[in-house]
Amino acid sequence: MRCHYCEWRCELGAETFGVCKMYFSDGKTISERFPHRWCTFGVSGIESIPFYHVDPGSRCMTIGTSSCNFSCKYCSNAFIAKRDPAEMQQDMLDLSPGELVRTAQKLGCHSIVFNVNEPAVSLNSLHDVAEEARAAGIHMGCLTNGYTTPESTELLASIFSFFNISLKGLSPEFNREYIGIPSPAPILRTIKRLAKIRHVEVATPVIQGVNDHELDEMAGLIAAIDPEIPWHVFRLLPEHEMKDAMYPNIEAINEALVSARSKLFHIYFHNFVGSDWVNTLCPNCGATVVERFSLGCGGDKLQRYLCNDGQCPSCGRGIRMLGDNVVRNRQGAAA
Ligand code: SF4
């Protein structure tokens, strides 16, 4: 039986587990090899994930499983995503959906965010967690590489209400060499579909001299879908097989973003301490409507939230924020 959860569309069998090694099939259904096994659960500020336009200033519970369907040369979570998942099971946590959701409630979390590896490799378990979370009034988000099939993109949308989708590069050469996939077309299709029905932010890790020349084209493609989509461009901090790569030059990357800034309303440039490009500005009058501080790879923090009722305080233009009123009312996040 073929797995339809991502564009590899692997043939599965009782002992044939696919590229991600996370599923098997009896010929009738697709089952997980390691259901409800989590590599971690923790608490984070939502800005650190990063989500800049979801529940500003809130806490989320972060979770992850094992494995991935990509082979990124610079994977920052390779110790989880690139190991054989069978070998990791002795270190995994066995938590039911109810236990996860009750823990999120106890920890004062407004949402649960899957952010360690790729959700497409654990869809069945995540579906169960989403049902429990929905009943408890907690919404779910994820980071994803967006390599889902059209069918499983709908499944993702039934589980998560907000997404940060990674658009890593555009050329087939880049995608083959650095990611291990033939084309980014499925990722662009997923961004387009999910942006219609859910909240979407996009993230791009920049490798200087490798994909920085594509930034303008990427901005144009995202803007053609929706210019309100927030775009997080961040410096790749070399890891995994790219530990020898140079750290991207901040001024050079910012220069490469000048033209892109005329295409998209919200471009952020971060992953270094004290970035000047982490605030949200009103696209109409330029007033600062959300102030943040970048702690580098340690995360980002909300400092001042000024767009009460989702509007710029200077000119009244709407600023797209998912769920901000709920969080400010519950937690009194700063205005
Ligand atoms: S989710 Fe895993 S098994 Fe399914 S198609 Fe993708 S890589 Fe293959």
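Rules behind the numbers
- Residues numbered from 1 in each chain as written.
- Predicted model: local features only at pLDDT ≥ 70, side-chain atom pairs only at ≥ 80, totals over all residues.
- Heavy atoms only, no water.
- Axes fitted to C-alpha atoms, helices over the stretch in contact; angles between N-to-C directions.
- Helix = DSSP H or I, 4+ residues; strand = E, 2+ residues; numbered from the N terminus.
- Left-handed = near helix turned anticlockwise from the far one by under 90°.
- Contact = heavy atoms within 4.5 Å.
- Nonpolar A, V, L, I, M, F, W, Y, C, P; charged D, E, K, R; others polar.
- Salt bridge = Lys/Arg side-chain N within 4 Å of Asp/Glu carboxyl O.
- Buried < 20%, exposed > 50% of the residue type's maximum accessible area, 1.4 Å probe, protein only.
- Pairing = 2+ DSSP bridges.
- pLDDT = per-residue confidence, 0-100.
- Core = buried A, V, L, I, M, F, W, Y, C linked by side-chain atoms within 4.5 Å.
- Lys, Arg positive; Asp, Glu negative; His and termini not counted.
- Polar contact = N/O pair within 3.5 Å; in protein donor to acceptor, adjacent residues only side chain to side chain.
- Phe/Tyr/Trp six-rings, centres within 6.5 Å; stacked < 30°, edge-to-face > 60°.
- Patch = residues over 30% accessible without salt bridge, like charges linked within 9 Å, V, L, I, M, F, W, Y side chains within 5 Å.
- Areas by Shrake-Rupley, 256 points an atom, 1.4 Å probe, with all protein chains shown as cover.
- Expected span 1.5 Å × (residues − 1).
- Arc of directions from axis to C-beta.

Student: What am I meant to see in the packing of helix α5 (residues 150-159) against helix α7 (residues 185-197) here?
Tutor: Each pair of packed helices can be summarised by the angle the axes make with each other and by the distance between the axes. Taken N-terminus to C-terminus, the directions of α5 and α7 make an angle of 35 degrees; their axes are 10 Å apart at the nearest point. By crossing handedness, the relation of α5 to α7 is classed as right-handed. Across the interface between the two elements, Pro150, Thr153, Glu154 and Ala157 of α5 pack against Arg189, Thr190, Arg193, Leu194 and Ile197 of α7. Tallied by class, residues from the contact of α5 with α7 come to four nonpolar, two polar and three charged.

Student: Teacher, can you tell me more about the pattern of salt bridges here?
Tutor: Any two side chains of opposite charge can pair, given that their charged atoms come close. Taken as a whole and judged by the stated rule, the model has twelve salt bridges. Note that glutamate 151 is salt-bridged to arginine 9, the shortest N-O span being 3.2 Å. With glutamate 151 in helix α5 and arginine 9 in the segment before β1 (23-25), the pair connects residues that are 142 residues apart, well separated along the chain. Residue classification places glutamate 151 among the partly exposed residues on the basis of a relative accessible area of 37%. Salt bridges linked by common partners bring Glu7, Arg9, Glu151 and Arg189 together as one network.

Student: Can you help me understand the sheet that holds strand β4 (residues 40-45) in this one?
Tutor: Sheets are built from strands that pair by backbone hydrogen bonding, the pairs being arranged parallel or antiparallel. Strands sit in the order β4-β5-β7-β8-β9-β10-β11-β12 across an open sheet of eight strands; the sheet is mixed. The two strands at the open ends of the sheet, each matched to only one other strand, are β4 and β12 (267-270). Between one strand axis and the next, the sheet turns by 20 degrees as a mean value, whatever way the strands run. One ladder, built from four bridges, connects strand β5 (residues 59-64) with strand β7 (residues 111-114); its direction is parallel. Note on β7: the bridge partner recorded for threonine 62 is valine 113. Against the sheet, helix α3 (residues 97-106) contacts β4, β5 and β7, and its axis sits at roughly 150 degrees relative to β5.

Student: Is there a simple way to explain the pairing of strand β14 (residues 288-294) in this structure?
Tutor: Taken residue by residue, a regular strand's side chains alternate between the two faces of the sheet. Alignment of strand β13 (residues 280-281) against β14, held across two bridges, turns out to be antiparallel. The partner of leucine 281 across the bridge, within β14, is threonine 288. The hairpin formed by β13 and β14 contains six residues between the paired strands, and glycine 286 there has a positive phi angle of roughly 85 degrees.

Student: Could you clarify how one ought to interpret the confidence of the model for the protein chain in this entry?
Tutor: It should be kept in mind that the predicted coordinates are not to be read in detail where pLDDT is low. Overall, the prediction assigns the protein chain a mean pLDDT of 92, with 96% of residues at 70 or greater. Note that pLDDT drops below 50 for residues 328-335; the model gives that stretch 18 contacts with residues more than four away or on any other chain.

Student: Just checking my understanding: could you explain the sheet that holds β14 for this structure?
Tutor: Taking strand neighbours across the sheet as the criterion, the three strands line up as β13-β14-β15 in an open arrangement whose pairing is antiparallel. Whereas interior strands pair on both sides, the edge strands pair on one side only; in this sheet they are β13 and β15 (300-305).

Student: When you look at the nonpolar core in this model, what are you seeing that I'm missing?
Tutor: The nonpolar side chains of a soluble globular protein tend to be buried, and buried together. Counting residues in each nonpolar core, the largest one holds 74 residues, and the members touching the most others are Ile112 and Trp231. Counting ten residues, the second largest nonpolar core, distinct from the first, contains Cys282, Val289, Val290 and Cys307.

Student: How do you make sense of the side chain of glutamate 47 when you look at a structure like this?
Tutor: Here glutamate 47 shows up in the loop between β4 and β5. Despite its burial, glutamate 47 pairs with no opposite charge, the nearest such side chain being arginine 292 at 4.7 Å. A polar contact is formed between the side chain of glutamate 47 and the backbone nitrogen of glycine 57, at a distance of 2.9 Å. Not counting residues within four places of it along the chain, the set of residues in contact with glutamate 47 comprises Tyr52, Pro56, Gly57, Arg292, Asp300, Lys301 and Leu302.

Student: Just to check I follow, could you spell out the packing of aromatic side chains for this structure?
Tutor: Aromatic ring pairs are described here by two measures, namely the spacing of the ring centres and the angle between the planes. Under the defined criterion, the tally for this structure stands at ten aromatic pairs. Aromatic side chains phenylalanine 51 and phenylalanine 162 sit 4.9 Å apart centroid to centroid with 85 degrees between the ring planes, which places their arrangement in the edge-to-face category. Residue phenylalanine 51 is located in the loop between β4 and β5, and its partner phenylalanine 162 is located in strand β9 (residues 162-166); the two are separated by 111 residues in the primary sequence. Phenylalanine 162 matches phenylalanine 51 in its accessibility class, with the two residues each being buried.

Student: I keep staring at the side chain of glutamate 118 and nothing clicks. Help me out?
Tutor: If you trace the backbone, glutamate 118 turns up in the loop between β7 and α4 (123-135). Despite being buried, glutamate 118 has no salt bridge partner; lysine 168 is the closest side chain of opposite charge, sitting 7.6 Å away. In this structure the side chain of glutamate 118 is engaged in a polar contact, spanning 3.0 Å, whose partner is the backbone nitrogen of alanine 120. Discounting residues that sit within four places of it in the chain, glutamate 118 has contacts with Ser67, Cys68, Asn69, Thr144, Asn145 and Gly146.

Student: I keep staring at the environment of alanine 245 and nothing clicks. Help me out?
Tutor: With respect to the helices and strands, alanine 245 occurs in the loop between β11 (231-235) and α9 (250-256). You can call alanine 245 partly exposed: its relative accessible area is 22%. For alanine 245 and phenylalanine 162, which are 83 residues apart along the polypeptide, the C-alpha to C-alpha distance reads 32 Å.

Student: Just checking my understanding: could you explain a nonpolar patch on the surface for this structure?
Tutor: The grouping of Val273, Phe293 and Leu295 at the surface amounts to a nonpolar patch, some 260 Å² of accessible area in total. Mapped onto the elements of the fold, valine 273 is located in the loop between β12 and β13. Exposure remark for valine 273: the relative accessible area of 61% places this residue in the exposed category.

Student: Would you mind showing me how to read α4 here?
Tutor: In this model, α4 (13 residues) spans 19 Å end to end at C-alpha, consistent with the 18 Å of a helix rising 1.5 Å per residue. Looking only at α4, the buried set comprises Leu123, Ser125, Leu126, Val129, Ala130 and Ala133. Looking straight down α4, one finds its buried side chains confined to an arc of 150 degrees; they lie on one side.

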